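# Commentary on secondary and tertiary structure
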Amino acid sequence: MKISRQNLPSGGIMGHEYVSGVRDFASEPKKRVKTTNLSLAAKRRRKLPISMVTAYTTPSALHVDRAEIDILLVGDSLAMVELGMETTQGVGMDEMIHHCKAVSRGAKYCMMVGDMPFGSYEVNDDEALKNAYRFVKEGGMDAVKLEGCRPNTVKKIVDGGVAVMGHVGLTPQAISVIGGFRAQGRTAVKARQLVDEALALQDAGCFAIVLECVPEPVARAVTNALTIPTIGIGAGNGTTGQVLVYHDMLGMTSHPHHKQFVPKFCKMYADIGETIRKGLEEFKREVEAGEFPSEEFSPYKMGKEELEVFNKMMEKDKEERERKRGKTEKDLIDKDEYEVLKLYGDK
């Protein structure tokens, strides 16, 4: 029998619309699939920008995944953003794996990349591969990222079955060598060196390369020279994609100590830190004023008969409990007065 609109059920079959007897796939909701290095390469070929966000926890991973960000990087910036360190050099493998596990529980569709910390891949390539395996097997990551031009290390890890993202330009783990958090590739010689480094990493097997804190023309030149995606951070608009840190872009940390670490290139898309501060201050105010919890937030009740029995039980040893409480309070008052007198000075 010839299919036509007349002999099809109203609304199509299983909710699908038909045009001239043909199922209209364009009208169907797009099914989301897991991002991979192959899908990222396809986006580059189609000139579709790639988004990447650095995050460290299950809640942040859930938000990043729901926003349909392509790549979620568990960065070693964890050291500064979450752990309060001055640089990224202090964070170790166990801390990185801990946070990778948390992220992997929250993200389902993003490609997850674990940042190999300082000292985890420099000693020798065998140790680098061993640590890369930990990111995949223990941390639940899809790939790893490592800093600097280390093509032999990259090849060892890729040949071992782990996808690698490269990272050139400003490499924060090497600040003791490069003299701090400084822009890179600002001379012709240094810029050409970045191009050569990126090409070497591509030849070694990297599926993508991060370009950090380099002039826009240099980042564009590197991008045009490669056949793999480039992810820029402080590198202008000429890269295949862009990355920012979750806490920075959302204004999570409003304290001046943290604001001094927010890079100049970071655009704040929200000011969540200020909202958090106001919420905490309002909580404190309501607690001190006796307004929280109100009846609305005190949901658990006791039956009238049970309450009467409970009150009778409490009456039985009331005098003994009050005597003990009085003695304890007197001891505490005596201790407080002793402290105030400061018999041994300010110590």
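Above: the structure in question.
Residues numbered from 1 in each chain as written. Predicted model: local features only at pLDDT ≥ 70, side-chain atom pairs only at ≥ 80, totals over all residues. Heavy atoms only, no water.

The next thing to look at is the overall build of the protein. Regarding its fold elements, the protein presents 14 helices and ten strands. Burial status across the protein gives 37% buried among its 347 residues. Sequence-distant contacts, at least 24 apart, represent 55% of the contacts inside the protein between residues at least 6 apart. Summed over its atoms, the accessible surface of the protein is roughly 21,300 Å², and 56% of this surface lies on carbon and sulfur atoms. (Helix = DSSP H or I, 4+ residues; strand = E, 2+ residues; numbered from the N terminus. Buried < 20%, exposed > 50% of the residue type's maximum accessible area, 1.4 Å probe, protein only. Contact = heavy atoms within 4.5 Å. Areas by Shrake-Rupley, 256 points an atom, 1.4 Å probe, with all protein chains shown as cover.)

Glancing now at unusual backbone geometry. Cis geometry marks the peptide bond from Phe292 to Pro293; its omega dihedral reads 0 degrees. Summarising the element assignment, Pro293 is placed in the loop between helix H12 (272–288) and helix H13 (304–316). Backbone geometry at Glu68 places phi at a positive 60 degrees, although glycine is not the residue there. A positive phi angle is found at Cys213, which is not glycine, with a value near 55 degrees. Its place among the elements puts Cys213 in the loop between strand E8 (208–212) and helix H9 (216–225). The buried category is assigned to Cys213, whose relative accessible area is 14%.

Below, the discussion takes up the nonpolar core. In this structure, Leu72, Phe135, Ile157 and Ile209 are the most contacted members of the largest nonpolar core, which totals 55 residues. It is helix H8 (residues 188–204) that provides the largest number of residues to this core, a total of six residues. Leaving out residues up to four positions away in the same chain, Phe135 has contacts with Met93, Met96, Ile97, Cys100, Gly114, Asp115, Met116, Pro117, Gly140, Met141 and Val144. The next biggest cluster of nonpolar side chains, apart from the first, holds 16 residues, and it includes Ile50, Leu73, Ile231 and Val243. (Core = buried A, V, L, I, M, F, W, Y, C linked by side-chain atoms within 4.5 Å.)

What follows covers the packing of helix H2 (residues 58–66) against helix H4 (residues 93–106). The interhelical angle for the contact between H2 and H4, taken along N-to-C directions, is 40 degrees, at an axis separation of 7 Å. The angle between the axes of H2 and H4 places the two elements in the oblique class. Seen along the crossing, H2 lies across H4 with a hand that is right-handed. Each of Thr58, Ala61, Leu62 and Asp65 in H2 lies in contact with H4, whose residues at this interface are Ala102, Val103, Arg105 and Gly106. Here the contact of H2 with H4 is composed, by residue class, of four nonpolar, two polar and two charged. (Axes fitted to C-alpha atoms, helices over the stretch in contact; angles between N-to-C directions. Parallel < 35°, antiparallel > 145°, perpendicular 65-115°, else oblique. Left-handed = near helix turned anticlockwise from the far one by under 90°. Nonpolar A, V, L, I, M, F, W, Y, C, P; charged D, E, K, R; others polar.)

We now examine the side chain of Lys145. Note that Lys145 resides in strand E6 (residues 143–145). Separated by 3.0 Å, the side chains of Lys145 and Asp115 make a polar contact. Lys145 has contacts with Leu73, Val113, Gly114, Asp115, Met116, Met165, Gly166, His167 and Val210, leaving out every residue within four places of it along the chain. (Polar contact = N/O pair within 3.5 Å; in protein donor to acceptor, adjacent residues only side chain to side chain.)

Tracing the sequence through the fold places Phe118 in the loop between strand E5 (111–115) and helix H5 (125–137). A relative accessible area of 40% places Phe118 in the partly exposed class. When sequence neighbours within four positions are dropped, the list of residues in contact with Phe118 reads Gln89 and Gln173.

Taken residue by residue, H2 has Ser60, Ala61, Val64 and Asp65 as its buried positions. The buried residues of H2 occupy an angular sector of 135 degrees when projected down its axis, which confines them to one face. Among the exposed residues of H2, those pointing more than 90 degrees away from its buried face are Pro59 and Arg66. Just beyond H2, the residue with positive phi is Glu68, at close to 60 degrees. (Arc of directions from axis to C-beta.)

Quick look at the pairing of strand E10 (residues 241–245) now. The element E10 is largely enclosed, with a buried count of four among its five residues. As paired elements, strand E3 (residues 50–54) and E10 share five bridges and run parallel to each other. Each bridged residue has a counterpart across the sheet, and for Thr54 the counterpart in E10 is Val245. (Pairing = 2+ DSSP bridges.)

Now for the sheet that holds E3. The eight strands are arranged E3-E4-E5-E6-E7-E8-E9-E10 in a closed barrel whose pairing can be described as parallel. Across the sheet, the axes of successive neighbouring strands diverge by a mean angle of 25 degrees, strand direction being ignored. Bridge count for E6 against strand E7 (residues 163–169) is three bridges, and the pairing is parallel. For Val144, the partnering residue across the bridge sits in E7 and is Val164. Relative to the sheet, H4 contacts strand E4 (71–74) and E5, its axis offset from that of E4 by approximately 150 degrees.

Attention now moves to the pattern of salt bridges. Tallying each qualifying case throughout the model produces 21 salt bridges. The partner of Asp94 in a salt bridge is Arg134, and the shortest N-O contact between them spans 3.1 Å. Of this pair, Asp94 sits in helix H4 while Arg134 is found in helix H5, placing the two residues 40 residues apart along the sequence. With a closest N to O distance of 3.1 Å, Asp317 and Arg321 form a salt bridge. Exposure remark for Arg321: the relative accessible area of 34% places this residue in the partly exposed category. Several salt bridges share partner residues, and in doing so they unite Asp94, Arg134 and Glu138 into one network. (Salt bridge = Lys/Arg side-chain N within 4 Å of Asp/Glu carboxyl O.)

With respect to the helices and strands, the residue Glu68 is situated in the loop between H2 and E4. Sequence separation between Glu68 and Met52 is 16 residues, and the spatial gap between their C-alpha atoms is 9.9 Å. Sequence-distant contacts of Glu68, defined by excluding residues within four places in its chain, comprise Arg32 and Ser51.

On their own, these measurements won't tell you what the molecule is for.
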